[in-house]
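Residues per chain are reported as follows:
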Amino acid sequence: MIRLTTLALVSAALIAAPAGAQRNFDDVEIKAEQIAPGVAVLYGAGGNIGVSYGDDATVIIDDQFAPLTDKIEAKVEELGAQPVKYVVNTHWHFDHTGGNENFGKAGATIFAHDNVRVRMAEGGTVVGNTTPPAPKDALPVVTYGQGMRFHLNGDTINLMYLGGGHTDGDSVVVWEEKNIVHMGDLYITIKSFPFVDRSSGGNVYNMMTTLDLVIAMLDDETKVIPGHGAMSNKAELVAYRDMIGEAVSRVEALHEDGATLEEAVAAKPLASLDREGGFVSGDAFVTAIWGSIED
Ligand SMILES: [Zn+2]
């Protein structure tokens, strides 16, 4: 538990840090957690990495930050896996795509939703963190609108766009045989309110729709990889979805009563939900819900 708590704090600190800032990743250790034969999760700094490996090819889901690529590759080799052949980006945020240029240059093929490529090519600012336009080698080469499937390593790995919510290009990745799902940042298990990135097309109603569609596909044995934080399961994901629904109901009530956004924030309607203290404050989540209502 102590180890996971420490990892969660490191993740929380890093997703809140500026994208362009000179940061030192020397002390970041990539840790692997084997969650099924041929499937591991890598924790380091930034988004959790899912790895599929076996006889056919190595696929990684997200790739954290550029200075960590060598450590990620070393850990992949330690698993007994072949070098990374395919990279999937769950969404465009810099703490999930920072290794793209390195992996692309090394010959990996990068896959993502159409909007991931568009946003990476344009660059943008997310809560004060500016990401410049990505170089060509960092851009996804294969993009999709609804999804696609990998057939390898004895599994079907299904990349699905279910309406986004965190951004407008979120993929959920399902290992159909091994009963595993990588949620990207549609689900985080660090202590924080959910992050609805309004500047990247995020909307809390889309997030709830996506979570409902995912939950309907899962069972009690499903292993759930969150975008940040420790491994999880269906019951915890359902509780997270219910917490979002409760938050939305409370903000909707204020909106319907004719409150202004400032009044709604000042009312602290989410205080009892006990998610304060992380990257996304209650005030920020109220503001994101408010914007989603008015979309
Ligand atoms: Zn994100």
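Below: a short report on this structure. Along every chain, residues carry numbers that run from 1 in the direction the sequence is written. pLDDT decides what is reported in this predicted model: residues at 70 or higher carry local features, side-chain atom pairs at 80 or more are listed and counted, and totals for whole chains, interfaces and linings draw on all residues regardless.

With that out of the way, let us pick up the overall build of the protein chain. Secondary structure elements follow DSSP: runs of H or I of four or more residues count as helices, runs of E of two or more count as strands, with numbering from the N terminus. A tally of helices and strands in the protein chain yields 9 helices and 14 strands. Any residue with 12 or fewer other C-beta atoms within 10 Å of its own C-beta is exposed, any with 20 or more is buried, and the rest are partly exposed; the C-beta atoms used are placed from the backbone. Here the protein chain, with 295 residues, has 49% of them falling under the buried criterion. We call two residues in contact when the distance between their C-beta atoms, placed using the backbone, is within 7 Å. A fraction of 65% describes how many contacts in the protein chain between residues 6 or more apart in sequence connect residues 24 or more apart.

Membership of the largest hydrophobic core comes to 71 residues, with the highest contact counts inside it found for V51 and V181. The element that contributes the greatest number of residues to this core is helix α7 (residues 234–256), accounting for 6 residues. One nonpolar core equals one set of buried Ala, Val, Leu, Ile, Met, Phe, Trp, Tyr and Cys residues connected by C-beta atoms within 7 Å.

The next point concerns unusual backbone geometry. Its identity is not glycine, yet D62 carries a phi of approximately 75°, on the positive side. Within the secondary structure, D62 sits in the loop between β4 (58–61) and α2 (69–78). Phi at V127 takes a positive value of approximately 35°, unusual for a residue other than glycine. Here V127 lies in the loop between β7 (124–126) and β8 (129–131).

Below, the discussion takes up the sheet that holds strand β1 (residues 31–36). Should DSSP find at least two bridges between two strands, the strands are taken to pair. Taken together, 7 strands build an open sheet; the order of strands is β1-β2-β3-β4-β5-β6-β9 and the sheet is mixed. Only two strands of the sheet have a single neighbouring strand rather than two, namely β1 and β9 (142–144). Averaged over all neighbouring strand pairs, the angle between strand axes comes to 20°, with direction disregarded. As paired strands, strand β5 (residues 84–88) and strand β6 (residues 109–113) are joined by 3 bridges and run parallel to one another. Bridge pairing links V87 to I110 in β6. Between N-to-C directions, angles cover 0 to 180 degrees, with each direction set by a line fitted to C-alpha atoms, over the stretch in contact for helices.

All right, on to the pairing of strand β10 (residues 147–152) then. Here β10 pairs with strand β11 (residues 155–161) via 6 bridges, running antiparallel. Within the sheet, the bridge partner assigned to H151 lies in β11 and is T156. Hairpin geometry of β10 and β11 is characterised by an intervening segment of 2 residues between the two adjacent antiparallel strands and by a positive phi of about 55° at N153.

We now examine the sheet that holds strand β12 (residues 171–175). Across a sheet, strands are paired by hydrogen bonds formed along the backbone, either parallel or antiparallel in direction. Strand order in the open sheet made by the 5 strands is β10-β11-β12-β13-β14, with mixed pairing throughout. Of all strands in the sheet, those bounded by a partner on one side alone are β10 and β14 (223–225). When the angles between neighbouring strand axes are averaged without regard to direction, this sheet yields 15°.

The next thing to look at is the environment of G145. Secondary-structure assignment places G145 in the loop between β9 and β10. Sequence separation of G145 and L162 is 17 residues, and the distance between their C-alpha atoms is 9.8 Å. Those residues in contact with G145 that lie beyond four places of it in its chain are D114 and Y161.

Relative placement of two packed helices is described by the angle separating their axes and the distance separating the axes. Following both chains from N to C, one finds helix α6 (residues 204–217) and α7 inclined at 155°, their axes separated by 10 Å at the closest point. Judged on the interaxial angle alone, α7 and α6 are roughly antiparallel. Read as a crossing pair, α6 and α7 show a hand that is left-handed. Residue-level inspection shows V204, M207, M208, L211, D212 and I215 of α6 in contact with α7, the latter providing K234, L237, V238, R241, I244, G245 and V248. Gly falls in the polar group here, along with every residue not listed as nonpolar (Ala, Val, Leu, Ile, Met, Phe, Trp, Tyr, Cys, Pro) or charged (Asp, Glu, Lys, Arg). When the residues that make up the contact of α6 with α7 are grouped by side-chain class, the tally is 9 nonpolar, 1 polar and 3 charged. Roughly parallel means an angle under 35 degrees; roughly antiparallel, over 145; roughly perpendicular, 65 to 115; everything else is oblique. The crossing is said to be left-handed when, going from far helix to near helix, the turn is anticlockwise and less than a right angle, and right-handed when the turn is clockwise.

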